[in-house]
Amino acid sequence: MTRSLVLRTPGDRWSVKLNVRVLVVTLALAVLLAISSVLALASGSHPTSFVDVLGTLANPAQSELTLIILEIRLPRVIMAILVGGALGSAGLILQGLVRNPLASPDVIGITSGASAAAVLFLWLGGVTGTSLLLAPVAMGGAFSVALCITALAWQQGISPARLVLVGVGLAAALTAVTTLLLVLSPDSTAMNAYIWLTGSLYASQWHDVTALTPWLALCLPLALIKLRHLDAQSMGEDMALGLGSALHGHRLLFLVLAVALAGSAVAYAGAVGFIGLIAPHMARRLVTSGHTGLLPVAALIGALILLYADWIGRVIFIPRDLPAGIFVAGIGAPFFVYLLYRLRRNLG
Amino acid sequence: MLRYAGFFLIATCLAWAPTASAANSVTVVEHALGKATIHGNPARVVSLYQGATDTAVALGIEPVGVVESWTEKPMYRYLRQELQEVAYLGLETQPDLERIAWLAPDLIVGASNRHRTIYPLLDRIAPTVIPGNVYDFKALLALMAKATGRVARGEALLAQWQARVEDFRTRIQRKLGDQWPQEVAILSFRADHARIYYDGFARTVLDELGFAAPVDHRKEGWGIKLTSQESIPAMDAEAVFVFMDDDPAVRRTYETWSSHPLWKNLQAVRQDDVYQVDTVTWNMGAGIIAANRMLDELYRHYNLEQPDREECAQC
Amino acid sequence: MLTSLLARASGTLFCLSLLLMATVSSLVFGHIPVSLDMLVASLMDYDPGSLEHLVVRTERFARTITALVVGAGLAIAGVLMQTLTRNQLASPGILGINAGAMFFVVIGATLFSLTSPSELVWVAFIGAATAAFLVYFLGQEAGRGISPVRTVLAGVAVTALFVSFAQGLLIFNQDRFESILFWLAGSVSGRELNAILPLLPLFGLALLVALLLSRQLNLLGLDDEVTRGLGLRVGHARLLIGLVVIVLAGTSVAMAGLIGFVGLIVPHMARGIFGTDHRWLLPMSAILGATLMLAADTVARMIIPPQEVPVGVMTALLGTPLFLYLARHVRKVS
């Protein structure tokens, strides 16, 4: 029996039922995230102490230390949280939509679409003369692919099975295009592109943060409100229709939300893989709840994974800065393997 | 007495004036990504790519921070002597921003193809200049000379280069006569493929010296990679310059390709005009010192006499 | 789908003729023009002085054989994997074999400076085998042998892990990156026959074993209880098939680099035409796989001469339209 908390407005006009365990877990994760962020802020290639960080945050003076903490590290830490959160949420929505525990933005082709667009842009040498366009181009790629997938998979509505197949096919084709561009590029472009493809938060700046935040601010609350329809759908299409859920309309909405979240995250951090796959699974181990309760947990877990991955990449091989994407799997895969040992027989 | 005092006063004022103006001088340097406003003459310079490191050394500056070289780590042998006390900032692709900030430089020089994204951050740390074309070492020299206040030195280096180019052109025209301008191809061998360069540092220098490129090589783009020995005929030219890393797998590939009948059919091979050259100065240095060393090699390969060069410490 | 014996036989003949055409094209087309009679002459009446004969005998022969063998091997590995995991999306790429090979090749290239194809062959094979064993053990369910679902999940985890470590090594050693880029993209050019010949008997053996297991494979597609009830020793069969997959996919990756699409799409095509009976499915997949590979390699050579498009790219670009067409007509995926 799950304990829940019910909040009502006076007069019983609105009420919200909150699962206590979800609340507790979310709070715990949030606290962990906050502490980790401050610790991450205090680490870097230049040695700084905890006291330095707190001092600078409280009282920013014009000095190299302030520059390092407020302009180099802080935007990067915030981006790690935002991108990880977006990817975790996108993965959860997609897995619920497609009803396949293996679904994630990378498998379905969204990441590949963003990658192909980004690498093409890098290959053409940033024709417009500014690379501030890289992120919008990658977003465009993600949305175009999603459009293609939807168009190709649409036969009187979206069937999850067809969605996955089409997504996998397009992902493979786009990966091939990306590889071709890598092979034809001069070495410097190829390495830039490869680092982007691995997923890196190097040189995240405040204008990246301000560009990414609106996407999360828009999509996450919307998802939170609408996700109960995914629970209805998991009981079967007829049941969902019977419960009053507009099946195909909602499926389209969820696809759009997942693409927006994943696309924007990938546009700024490169093709970080695996978070969208594993954060939802880890969330399910911590909390048994419907998708609405799982969303904040999956988002926070995604944020934590990327924060740690980026942290490791920054401090382990100073002065080299290794992309966070490398360590995401390093953290996630062993846990995933552990999950496999503890899995019940009735899987997906 | 008053006359001497007056003269003394005027002389002192005149002596003070240049220094005063140097301390208060503000140079605005326009570069590919904007404008840099530099106060005085920068003493602490950070170089974020190989060409800038080369040029800094040529201008007589020891940078406070440079990026690592690609081979002969941490810095190419031909520059190592002058860079004993530098801090290394990681690789060109992702230089360590925190270390750069902590060095508190007065000037940062970056490359447009690599540092475009981090330019706003760099500019907050120190005035940053980014030349437009990575291979145009003369423009880079002029830009850095202006930014560091060593314009006279920069111009001297440039003039000396011009003189050498003229001398080379005269001598080689005398030697080759009708065959000048000679069509030359620039090749490189890797472990699993070979490359033809249509563009790049070596090509730029050779073009300036008057060499021509084979018709097939006058295309857009940096060049092509060849994986199959069938395509060897694409490499054909009157003379061929080859560079490669000193690596057993690369050597093996070169030996395999150069023993193929199609290779032996190449015009350059038949005329015995295949020259192996130093990969660092031809492909990686990208600055005026590398250019001068390239020219030295060319004099040697064509058996031309070099005139005595005037004293120039780092040239 | 062709059901009658006559229809299937004629289908087979058609596919064989396609294969023949593809083989001939592979030998004829290229940077150096070789006409059909020159081709015949180089085989019958070899003249070492003739440039065309030399090119056919060395370059084209090596590529054609590599493409044939790799295409057939990957296609059969794909069929076996899809049957084994009862998942039509399974392929050597998904089950970690490509990733394992990639990781070991990258280690070899960055830490040991091995970069020529003949050296990488063995390294890649060991990597593929390691990843496959890892996935096999992780995919076990206590007391019941291989669980298809867990195997796929294990494959995903192992793939992600190996790929990210390989990426890490490549980014750490950026100067080595360009020296294995072609292998990563998939390439059959520049292979020496002597490097490939030792692997051919291995291939042949694996192919033979696969064909002999056709009946067992037909049964494996059914539920475990039913299969055991019919007397098939499920655990042993799966193990043997797993070994065959490792050998086929591992050697293919070792010879030609990462080629991802053939193992995924050719089984679908063959199933669509010839049905799910493995006695027809396996040989036809092999033939179709080899044809696709040869066609892709020939086209890859002719698009941007004198450069070549990596063959792994070409198979994906050629295969996607076909795959998408098939995907639209899928009724149910497990």
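As the structure is a prediction and not an experimental result, all values here were calculated from the model.

Peer 1: A description of the overall build of chain B should follow, citing residues and the corresponding values.
Peer 2: In terms of helices and strands, chain B carries 14 helices and 12 strands. Considered along the principal axes of its C-alpha atoms, chain B spans approximately 90 × 45 × 35 Å. Counting all 315 residues of chain B, 45% fall into the buried class. In chain B, once contacts between residues fewer than 6 apart in sequence are set aside, the share between residues at least 24 apart is 65%.

Peer 1: Go over the interface of chain B and chain A, please, and point to the residues and values.
Peer 2: Taken together, the contacts link 23 residues of chain B with 21 residues of chain A. Here the side of chain B that touches chain A takes five residues from helix α4 (residues 97-103) of chain B, the largest share from any one element. A class-by-class count of the residues in the side of chain B that touches chain A yields 12 nonpolar, five polar and six charged.

Peer 1: Provide a residue-level description of the sheet that holds strand β11 (residues 239-244) of chain B, including the pertinent values.
Peer 2: Residues and elements named next belong to chain B. The sheet built from five strands is open, its strands ordered β10-β9-β8-β11-β12 with mixed pairing. Here the strands that pair on one side only, and so sit at the sheet edges, are β10 (223-226) and β12 (274-276). On average, each strand axis in the sheet is tilted by 25 degrees relative to the strand beside it, whichever way the strands run. Along the sheet, helix α10 (residues 248-258) contacts β8 (184-189), β9 (194-197) and β11; its crossing angle with β8, the most-contacted strand, is approximately 130 degrees.

Peer 1: Tell me about the domain arrangement of chain B, and please be specific about residues and values.
Peer 2: Residues and elements named next belong to chain B. Assigned domains within chain B: domain 1 (28-150) and domain 2 (181-284). A straight line from the C-alpha centre of domain 1 to that of domain 2 covers 30 Å. Across the contact, eight residues belong to domain 1 and seven residues belong to domain 2. Each residue belonging to the side of domain 1 that touches domain 2 can be placed in one class, and the counts come to four nonpolar, two polar and two charged.

Peer 1: Any chance you could break down the interface of chain A and chain C for me, citing the residues and the numbers?
Peer 2: Much of the literature gives interface size as the accessible area that the parts lose upon coming together. Contact with chain A, which involves 40 residues of that partner, is made by 40 residues of chain C. Of all the secondary structure elements, the ones that give two or more residues to the side of chain A that touches chain C are α7 (160-184), α8 (187-198) and α15 (324-342) of chain A. It is α7 of chain A that provides the largest number of residues to the side of chain A that touches chain C, a total of 13 residues. For the side of chain A that touches chain C, the class distribution of residues is 28 nonpolar, eight polar and four charged.

Peer 1: Explain the sheet that holds strand β3 (residues 45-47) of chain B to me, using residue names and the numbers behind them.
Peer 2: Two strands in a sheet stick together by hydrogen bonds in their backbones, pointing the same way (parallel) or opposite ways (antiparallel). Residue and element names in this part refer to chain B. The strand order β5-β4-β3-β6-β7 describes an open sheet built from five strands, whose pairing is parallel. Of all strands in the sheet, those bounded by a partner on one side alone are β5 (87-88) and β7 (128-129). Its contacts with the sheet place helix α2 (residues 50-58) against β3, β4 (65-66) and β6 (107-109), and it is angled at close to 140 degrees to β3.

Conventions adopted
Residues numbered from 1 in each chain as written. Chains lettered and ligands numbered in written order. Predicted model: local features only at pLDDT ≥ 70, side-chain atom pairs only at ≥ 80, totals over all residues. Helix = DSSP H or I, 4+ residues; strand = E, 2+ residues; numbered from the N terminus. Buried ≥ 20, exposed ≤ 12 C-beta atoms within 10 Å, placed from the backbone. Contact = placed C-beta atoms within 7 Å. Nonpolar A, V, L, I, M, F, W, Y, C, P; charged D, E, K, R; others polar. Pairing = 2+ DSSP bridges. Axes fitted to C-alpha atoms, helices over the stretch in contact; angles between N-to-C directions. Domains from an automatic or database assignment.

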